[in-house]
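Next come the chains, spelled out residue by residue.
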Amino acid sequence: MNLLILSCGTRDKVVQYFKKAFEGYGDIIATDCSPYAPALYEADRHYIVPRITEPGYMDVIFDICRKENIKGVLSLIDPELSLIAKHHKEFEELGVTVIESSYELCERTLNKWEMYLWMKEHGYPCAKSYIRLEDFQAAVNAGEVSFPVFVKPSKGSASLQIAKAEDMETVELLYHHGDDMMIQELMQGQEIGVDCYIDLISGELVSVFAKKKLVMRAGETDKAISFADEQLFEQVERFVKENGFRGQIDIDIFENNGVYYFSEVNPRFGGGYPHAYACGADHMTLIRNNLAGIANTRNIGNYAVDKVMMKYNEIMLIDTV
Ligand SMILES: Nc1ncnc2c1ncn2[C@@H]1O[C@H](COP(=O)(O)OP(=O)(O)O)[C@@H](O)[C@H]1O
Ligand SMILES: [Mg+2]
């Protein structure tokens with residue numbers, strides 16, 4: 001029962017955790033377009049593949065699936081999520097389960113404006129957002145929103161091109177200097193990260209891990225504290241069910257005066273997942289069970305709380321080729 005991890009990059013921990021969970025069950029195969037992706041060398045076997053945008057990329061991946069007798073596949077980067085979701089039928093014909101949400105959901109979450117419209121329509125508290133500068137200007141004039149505000153790309157990731165703006169001149173400058181920018185109310189309060197696993201067989205939310213973010217670095221949570229709150233778990237459950245997510249997702253939330261504001265979803269293992277694993281939320285074993293045809297039982301909030309999680313760097317040496 002071999003697992004294929006696409007675009008593994010520097011996510012060494014994720015590969016290591018999978019290797020541990022699959023020991024005695026199957027091998028972990030990793031790919032990347034660069035030989036300098038350290039996570040490749042954590043896997044049992046690895047392949048250097050073309051960039052995802054190159055013609056013939058999918059055929060290379062399908063060939064690996066055949067050769068390695070792959071049972072499940074997942075990607076660790078945003079632009080590849082929709083691509084593999086789109087090809088789920090071809091994967092199925094090869095006996096490979098795509099471990100992620102549907103194409104439609106990948107597209108929705110990768111577009112923060114679409115996600116905002118969905119949340120507004122479904123009654124989730126979230127930051128007022130504007131995709132057109134004219135609408136934002138009108139809202140300021142009407143007193144619906146006030147400075148400071150937050151400006152970010154609607155299809156961005158890794159905290160790139162994000163900025164706080166104190167006045168209209170700055171908003172206009174930021175808006176015109178980025179692609180598909182959106183303007184949001186500035187969120188106050190405590191930033192929270194939630195890692196979820198939605199069972200591929202039952203469709204039920206079976207695991208949730210929550211942390212309060214203390215320090216962010218390069219778009220990832222660097223230091224955080226684990227906590228549990230039933231009210232949060234209930235809202236997260238309604239949110240993932242109503243959307244129809246599957247597999248691993250992470251959600252960014254703000255807590256202000258007891259209200260949870262939903263901000264953003266990544267339908268994959270996020271960069272902060274090692275925090276969850278370290279506290280006992282082992283989602284690799286849940287994936288292994290699903291691939292073996294076993295539905296997982298609900299196990300929500302069963303992890304170490306009040307733990308401070310602190311990331312640190314490591315280094316790997318390989319021979320030149
Ligand atoms: N409306 C907002 N108000 C305040 N801070 C925000 C707001 N939106 C995003 N941020 C901050 O910027 C970070 C990155 O934004 P996010 O929407 O999560 O995009 P991504 O993680 O895809 O880059 C968030 O983790 C949060 O710290
Ligand atoms: Mg985010």
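Residues numbered from 1 in each chain as written. Chains lettered and ligands numbered in written order. Predicted model: local features only at pLDDT ≥ 70, side-chain atom pairs only at ≥ 80, totals over all residues. Heavy atoms only, no water.

**Some words on the coordination of the magnesium ion (ligand 2)**
Protein coordination at the magnesium ion (ligand 2): the donors are Asp252 (OD) and Glu264 (OE), at 2.1 to 2.2 Å from the metal. Here Asp252, found in strand β13 (residues 247-256), pairs with Glu264, found in strand β14 (residues 259-266); they are 12 residues apart in sequence, far enough to count as distant. (Donors = N, O, S within 2.8 Å, 3.2 Å for Na, K, Ca; no water. Helix = DSSP H or I, 4+ residues; strand = E, 2+ residues; numbered from the N terminus.)

**Observations concerning the domain arrangement of the chain**
Bring the parts together and some accessible area is lost; that lost area is often taken as the interface size. Domains assigned within the chain are domain 1 (2-98), domain 2 (128-185) and domain 3 (188-310). The distance between the C-alpha centroids of domain 1 and domain 2 comes to 37 Å. (Domains from an automatic or database assignment.)

**A look at the sheet that holds strand β11 (residues 205-217)**
Strand pairing in a sheet relies on backbone hydrogen bonds, with the paired strands running either antiparallel or parallel. Taken together, six strands build an open sheet; the order of strands is β14-β13-β10-β11-β12-β15 and the sheet is antiparallel. Among the strands making up the open sheet, the edge pair consists of β14 and β15 (308-310). Strand-to-strand twist in this sheet, taken as the mean axis angle between neighbours without regard to direction, amounts to 30°. Of the pairings in the sheet, the one linking β11 to strand β12 (residues 220-227) comprises seven bridges and is antiparallel in character. Among the inter-strand pairings, Arg217 is bridged to a residue of β12, identified as Glu220. (Pairing = 2+ DSSP bridges. Axes fitted to C-alpha atoms, helices over the stretch in contact; angles between N-to-C directions.)

**A closer look at the nonpolar core**
Ranked by internal contacts, the top residues of the largest apolar core, which has 63 residues, are Phe18, Val194, Cys196, Val236, Phe239, Val240 and Ile251. Examining the composition of this core, we find that six residues originate from one element, helix α1 (residues 12-22), more than from any other. Residues in contact with Ile251, not counting those within four places in the same chain, are Ile192, Gly193, Val194, Cys196, Val236, Phe239, Val240, Phe262, Glu264 and Val265. (Core = buried A, V, L, I, M, F, W, Y, C linked by side-chain atoms within 4.5 Å. Buried < 20%, exposed > 50% of the residue type's maximum accessible area, 1.4 Å probe, protein only. Contact = heavy atoms within 4.5 Å.)

**Quick look at the sheet that holds strand β6 (residues 129-130)**
Across the sheet, which stays open at both edges, the four strands sit in the order β6-β9-β7-β8 with antiparallel pairing between neighbours. Edge strands, defined here as strands with exactly one partner in the open sheet, are β6 and β8 (163-165). Bridge count between β6 and strand β9 (residues 181-185): two bridges; the pairing is antiparallel. Residue pairing across strands places Ser129 opposite Gln184, the latter belonging to β9.

**Considering the site of ligand 1**
Surveying the vicinity of ligand 1 reveals 17 residues, the closest of which are Lys152, Ser159, Gln184, Met187 and Glu191. A distance of 2.8 Å separates a nitrogen atom of ligand 1 from a polar atom in the side chain of Gln184. Here Glu191 contributes a side-chain N or O atom positioned 2.8 Å from an oxygen atom of ligand 1. Taken by itself ligand 1 offers 540 Å² of open surface, and the protein chains cover 92% of this. When contributions to the shell around ligand 1 are tallied by element, the ones reaching two or more residues are β7 (149-153), β9 and β13. Mapping the shell around ligand 1 onto the domain boundaries places at least three of its residues in each of domain 2 (128-185) and domain 3 (188-310). (Near = heavy atom within 4 Å. Polar contact = N/O pair within 3.5 Å; in protein donor to acceptor, adjacent residues only side chain to side chain. Areas by Shrake-Rupley, 256 points an atom, 1.4 Å probe, with all protein chains shown as cover.)

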